[in-house]
Structures are given as C-alpha cells and as structure tokens.
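One letter stands for each residue in the lines below.
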Amino acid sequence: MSNETIYALSSGAVPSGVAVIRLSGAKTRDAVQLLTGDVPPARRASLRTIRLRNGSIIDSGLVLFFPSPASFTGEDCAELQMHGSRAVINALFEELETIDSVRMAAEGEFSRRAFENGKLDLVEIEGLADLIAAETEMQRRLAVEHSQGKLSRLYDSWAERLTRARALIEAELDFADEDDVPGSVSDLVWDDVGRLQVEIKSHLAHAHAGEIIRDGFKVVIAGAPNAGKSTLMNALARREVAIVTDVAGTTRDVLHVDLDINGFLVKLYDTAGLREANELVEQEGIRRATQVISEASLVLYLEDMAEGTRALQPIANAEVLRIGTKADISAGNGPDAYDLTISAVTDAGLVALRAAIAERLERQLGSHSLAIPSRKRQKDSLAECLKAIEAALVDPPAELDIRAENLRIAGNALGRITGRVDVENLLDVIFSEFCIGK
Ligand SMILES: Nc1nc2c(c(=O)[nH]1)N(C=O)[C@@H](CNc1ccc(C(=O)N[C@@H](CCC(=O)O)C(=O)O)cc1)CN2
Ligand SMILES: Nc1nc2c(ncn2[C@@H]2O[C@H](COP(=O)(O)OP(=O)(O)OP(=O)(O)O)[C@@H](O)[C@H]2O)c(=O)[nH]1
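Before going into details, it helps to say that this report is about the structure given with it. (Residues numbered from 1 in each chain as written. Chains lettered and ligands numbered in written order. Predicted model: local features only at pLDDT ≥ 70, side-chain atom pairs only at ≥ 80, totals over all residues. Heavy atoms only, no water.)

So, about the overall build of the protein chain. Helices and strands together make up the secondary structure of the protein chain, namely 14 helices and twelve strands. Taking 2.2 N^0.38 as the reference for a compact globule, 438 residues should give roughly 22 Å; the C-alpha atoms of the protein chain span a radius of gyration of 29 Å, well beyond that estimate. Across its three principal directions, the C-alpha atoms of the protein chain cover 80 × 75 × 35 Å. Within the protein chain, contacts between residues at least 6 apart in sequence are counted, and of these 63% link residues at least 24 apart. Summed over its atoms, the accessible surface of the protein chain is roughly 20800 Å², and 51% of this surface lies on carbon and sulfur atoms. Charged side chains of the protein chain number 48 positive and 68 negative; the gap between the two group centres comes to 5 Å. (Helix = DSSP H or I, 4+ residues; strand = E, 2+ residues; numbered from the N terminus. Rg over C-alpha atoms; globule rule 2.2 N^0.38 Å. Contact = heavy atoms within 4.5 Å. Areas by Shrake-Rupley, 256 points an atom, 1.4 Å probe, with all protein chains shown as cover. Lys, Arg positive; Asp, Glu negative; His and termini not counted. Charge placed at Lys NZ, Arg CZ, Asp CG, Glu CD.)

Rendered as structure tokens:
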C-alpha cells in the first residue's frame, strides 16, 4: 500500500478561491515534474503553469515540494494550490490518474502515513481529528493540547518510569542470590510506582471533563405539557427549531440543538411534556424524554407559573434547575419557588439562564489544565494501566516476578494510547474518522 503515491483535495468544499491538492509518496517528484515541467526548490512556494501531457494548460498555481523526510507524512510530498473550481480539480485528478501507481487517497491516509513514519502518534492524530471537527473555543484548545503532544509526553514519561521500575526489579531478581542489590532500591521503586498510581488516578478523574468539552454538556429541558419548553429551546437557539402551539403534548420526539456557551459545546434537548398519557405516540415520546433526562448533566425543569401545573417527577441523576416560565403573565408563587424565572415573550431571564448553565458547567468541570483525556479509548487504557499498577502494589505483595509482569502490562496499556505498542487492529477505526485529504 505504502509504495503507492496518493493524492487528494485537502482544502474544503468547491468552488473555493484556492484549492489545495496534496500528494504523498515516491512518485510525487515525477508527478510534479510531469505537470509543471520541473520540480521547484524544496519548501518554497513557486508559481507554475500546470499542464496536461499534451501541453494544454489546466491552470496556473503555487507549487510546493517537501522532500522526504521533512514533510507532513515523512514521504516526498507536494501541494498544488490551484483555483478552486470543480473543473480545474477534475482535470488535474484525471491527469494524475494516468500516472502509474498514483491514486486517490482514502480517508485519513495522509495522517496514517504520518503515524507509520513516526511523525505523529495516535493521541496527536486523534487531536488533529478533533481540531478539524472543533466548533467551539474549548474544543479547539483541548484539541490543540492533544495534537501538540502534551498528553503523549505525559504518557511517555509514565511509561518510562514503569520501564525503569521494571529494570530495577529485574536486577533484583537476577542478583537476588548475590545480595548486592540493597533492599532500599526496591523500596524506592515501589514508592515511585505508588506516586505514579496517585498521578494516574487523578488524571483519570479528569477524563469526565475532557469528554464534556469534546462531546458537549448535555442539558435537557423537561416539564409538564405546555410549560413553554419548545419556546425556550427556540429562544436559546435563536431560531425556530421546535414547533410551538398552545396544544398540550405538541413535542413528541426529542429535539436537539448545539449551543456555544462561553466557548463550551452545550447539547440542548427539548422533550415531550411529562404527564400520564393514554395515546401511544405521546407515551413513546415520554419514554424517550425519560431516557434523555436520565443521561443529562443538567436538567432545566420548567413550570408554567400561571398554571402551577406539576409534572411527573423527572428521573434525573443530574443537577436540576427549577425554572418558572411565562413571567410576563404571572409571578407564580414568587421567585423563591424557582431558581430562575423567565419569559420567552419579553426575553426576561434568558441572559441569567445562559449564565446559570455556564456556571453549572464550569463547576462540574472543575478547573485544571487541558492535558486531560477526552476519548473512551484513552480512558479505557488508562483504567487498564491503573488496574495493573494496583495489582503490582497489592498488599500483601505477590512474588516479585508477578509484580514486574503487572508493571509490564501497565506500561503496555500506556503504549497503546500513543500507539507505540500493538495497535494494528485499532488503526482502521481511528483513521476512518478523518475526511479524505487529511
Ligand atoms: N499548506 C498547508 N498548510 C497547512 C498544512 C499543510 O499540510 N499544508 N498542515 C497540515 O496538517 C497544517 C500544518 N501542519 C504541518 C505539520 C508538519 C509539516 C511538515 O512539513 N513537517 C516536516 C517539517 C517540519 C519543519 O520544517 O519544521 C517534518 O515534521 O519533518 C507541515 C505542516 C496546517 N496548515
Ligand atoms: N405569555 C407567554 N406564553 C408563553 C411563554 N412561553 C411559551 N408560551 C406559550 O405557551 C404555549 C406552550 O408553549 P410550548 O413552548 O409549545 O410548550 P411545551 O412545554 O413545549 O409544550 P409541549 O410540547 O406540549 O410539551 C404556547 O402557546 C406558547 O406560545 C411565555 O414566556 N409567555
């Protein structure tokens, strides 16, 4: 596979002002020569006319050549920066297809080659995928942290400590008879493994924050029919996402919008009004509402202050904000009955509500660095690492060779996160997340 040269459109949707077509592989130099008549000086943007073999002009563009190994993939790479029209790109691609062992890249194939050539590790690759998908400021910051190797360096340093510990234990095993490895060496080893255990535990405890930043903070609007749930959803989304009527039981399906609150992704859900329903569709709606409420990080529990109608209690493991609605027509039982009162008609209370969501979110996240895991894959391997360390430290201690074996298992779990240890079966899953051209 890797002796083929790949190409793809790496910039966004066409038409665009400029389109970047990337090439990587052994035939890159030949392809550039064929298209432009020469190979421009390394890493310098050079304006060239790009032609078909028969001499007719496709377009003029900037051409960059990155000789191996100093390129994104580590192979010979080139970029053709052309006018971003479908016709220009099609003509260029057709010409590239005529070159032997040059073909269109698959999703993530450039990044995969960068990984295979040791340019990026798996955490950096995942960070890059997250960076490309980032929509909010905090997602961007987290992704930058990952893509720049901050997390990888931490895992590598932990893996090194485990290796050092094992080396010292092996020495103790080898020289046990000779009595020349002082007992205190082994004490130092286990002290450090103990400290490592504490560090990994605390790191893992922050995974939840990483997941919330990457995947979003789930906020669910719940309450009795007609409480004003869909109206609030529309007001927060600033568009008509949900149907609003004065018919109780209008919302059936769970509706969803993404909000950006203080740079955090907030996933907001509108649910069917909670009541004893006889009708099948509404019952199903309520079942779905109950389900999403149970997964929420924060529930906005709405009550129409004019009606004072009490909904069925939602089943929330999450924090609940009690919100009195329709403040323009009723003050209800007074503000004390609610955490907040709002009116979607006058917009009263909406700024305070956004601030309250942000406050709950930031409180649930806690404040710490962004060198934290954000994916289940990372979390699972860290948990595995921790389990093996625990086994190595269990009291009363096991035989020394068994303890050393547990340290080896722990180190491998860390190595799998960065991809330095057997991960072949994971690669297809990870790289399929990318778009073509990355
Ligand atoms: N035009 C263009 N812009 C781009 C990219 C690109 O590929 N092309 N990138 C693509 O993601 C990002 C920048 N990331 C890059 C990362 C490494 C290398 C690279 O050539 N690395 C070599 C040389 C390093 C050096 O000279 O300092 C290497 O690592 O050996 C290039 C781009 C964003 N902007
Ligand atoms: N005066 C006033 N009316 C409101 C306000 N918010 C919603 N309403 C009205 O209350 C009625 C019900 O609003 P919806 O947003 O559909 O209520 P819901 O809770 O989504 O209702 P279901 O989908 O049936 O569960 C509509 O007629 C809205 O126009 C408000 O702040 N003030």
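The rest of the description comes next.
The next thing to look at is the nonpolar core. Within the largest apolar cluster, 35 residues are counted, with the highest numbers of intra-cluster contacts made by Leu232, Leu268, Leu300 and Leu353. Residues contacting Leu353, with those up to four places away along its chain left out, are Leu232, Leu236, Leu300, Leu321, Ile323 and Leu340. Counting 27 residues, the second-largest nonpolar core is a separate cluster that includes Leu162, Ile389, Leu407 and Ala410. (Core = buried A, V, L, I, M, F, W, Y, C linked by side-chain atoms within 4.5 Å. Buried < 20%, exposed > 50% of the residue type's maximum accessible area, 1.4 Å probe, protein only.)

To continue, consider the site of ligand 2. Inspection of the region around ligand 2 gives 23 residues, with Lys229, Ser230, Thr231, Gly249 and Asp328 positioned closest. One nitrogen or oxygen atom from the main chain of Asn226 is found 2.9 Å from an oxygen atom belonging to ligand 2. At 2.5 Å from an oxygen atom of ligand 2 is found a side-chain nitrogen or oxygen belonging to Thr231. For ligand 2, whose accessible area on its own is 660 Å², the fraction buried by protein is 87%. Residues belonging to the shell around ligand 2 are distributed by class as follows: nine nonpolar, ten polar and four charged. (Near = heavy atom within 4 Å. Polar contact = N/O pair within 3.5 Å; in protein donor to acceptor, adjacent residues only side chain to side chain. Nonpolar A, V, L, I, M, F, W, Y, C, P; charged D, E, K, R; others polar.)

Along any regular strand, the residues point their side chains to alternate faces of the sheet. By the bridge criterion, seven bridges tie strand E10 (residues 298–304) to strand E11 (residues 319–325) in an arrangement that is parallel. The residue bridging Val299 from the neighbouring strand is Val320, located in E11. Of the strand pairs in this sheet, E11 and strand E12 (residues 340–341) are connected by two bridges, and their pairing is parallel. If you follow Gly324 over to E12, its bridge partner there is Thr341. (Pairing = 2+ DSSP bridges.)

For the rest of this paragraph, the subject is a negative patch on the surface. Taken together, the side chains of Glu170, Asp174, Glu399 and Asp401 present a region of like negative charge at the surface. Looking at the secondary structure, you find Asp174 in helix H6 (residues 150–174). Overall, Asp174 belongs to the exposed group, its relative accessible area being 56%. (Patch = residues over 30% accessible without salt bridge, like charges linked within 9 Å, V, L, I, M, F, W, Y side chains within 5 Å. Salt bridge = Lys/Arg side-chain N within 4 Å of Asp/Glu carboxyl O.)

Right, let's get into the environment of Asp347. Its place among the elements puts Asp347 in the loop between E12 and helix H11 (350–365). The class for Asp347 is partly exposed, based on a relative accessible area of 47%. Expressed as a C-alpha distance, the spacing of Asp347 and Asp328, which sit 19 residues apart in the sequence, is 9.4 Å.

Turning next to the packing of aromatic side chains. Counted by the stated rule, this structure contains two aromatic pairs. Between the aromatic rings of Tyr155 and Trp158, the centroid separation amounts to 5.7 Å while the plane-to-plane angle is 40 degrees, which identifies the pairing as tilted. Placement of the pair is Tyr155 and Trp158 together in helix H6, with a separation of three residues, close to one helical turn. Under the relative-accessibility criterion, Tyr155 is labelled buried at 1%. A cation sits over an aromatic face here: Arg22 above Phe110, 5.1 Å from the ring centre. (Phe/Tyr/Trp six-rings, centres within 6.5 Å; stacked < 30°, edge-to-face > 60°. Lys NZ or Arg CZ within 6 Å of the ring centre and 35° of its normal.)

This part is about the site of ligand 1. Residues in contact with ligand 1, as listed here, are Arg22, Arg43, Pro69, Ala70, Ser71, Phe72, Glu79, Gln81, Lys119 and Lys438. Interatomic distance of 2.9 Å between a side-chain N/O atom of Arg22 and an oxygen atom of ligand 1. Glu79 has a polar side-chain atom sitting 2.5 Å from a nitrogen atom of ligand 1. In the complex, the protein chains occlude 45% of the 680 Å² of accessible area that ligand 1 would expose alone. Across the shell around ligand 1, the residue classes tally to three nonpolar, two polar and five charged.

Here we take up the environment of Glu94. Along the chain, Glu94 turns up in helix H2 (residues 86–97). Relative accessible area serves as the criterion here: at 58%, Glu94 is assigned to the exposed category.

Ordered by their spatial adjacency, six strands build an open sheet running E8-E9-E7-E10-E11-E12, and the pairing between neighbours is mixed. Strand pairing shows two members of the sheet lacking a second neighbour, strand E8 (255–261) and E12, which therefore form its edges. The pairing of strand E7 (residues 217–223) with strand E9 (residues 264–270) spans five bridges and is classified as parallel. Counted as the bridge partner of Val220 is Tyr269 from E9.

Owing to its 3.6 residues per turn, the α-helix brings residues three or four apart onto one side. Burial of helix H9 (residues 229–237) is extensive: seven of the nine residues sit out of reach of the surface. Those residues of H9 not exposed but buried are Lys229, Ser230, Leu232, Met233, Asn234, Leu236 and Ala237. Buried residues along H9 sit against E7, E8, E9, E10 and H11. Directly after H9, the chain includes Arg238, whose backbone phi takes a positive value near 60 degrees.

Position of Lys229 among the secondary structure elements: in helix H9. In this structure Lys229 touches Ile221, Ala222, Gly223, Ala224, Asp270, Thr271, Ala272, Gly273 and Leu302, once residues within four positions along its chain are discounted. A polar atom in the side chain of Lys229 sits 2.7 Å from the backbone oxygen of Ala224.

The element helix H3 (residues 109–116) is extensively covered by neighbouring structure, given that seven of its eight residues are classed as buried. For H3, the set of buried residues is Glu109, Phe110, Ser111, Arg112, Arg113, Ala114 and Phe115. Positive backbone phi, at 75 degrees, marks Gly118, one or two positions downstream of H3.

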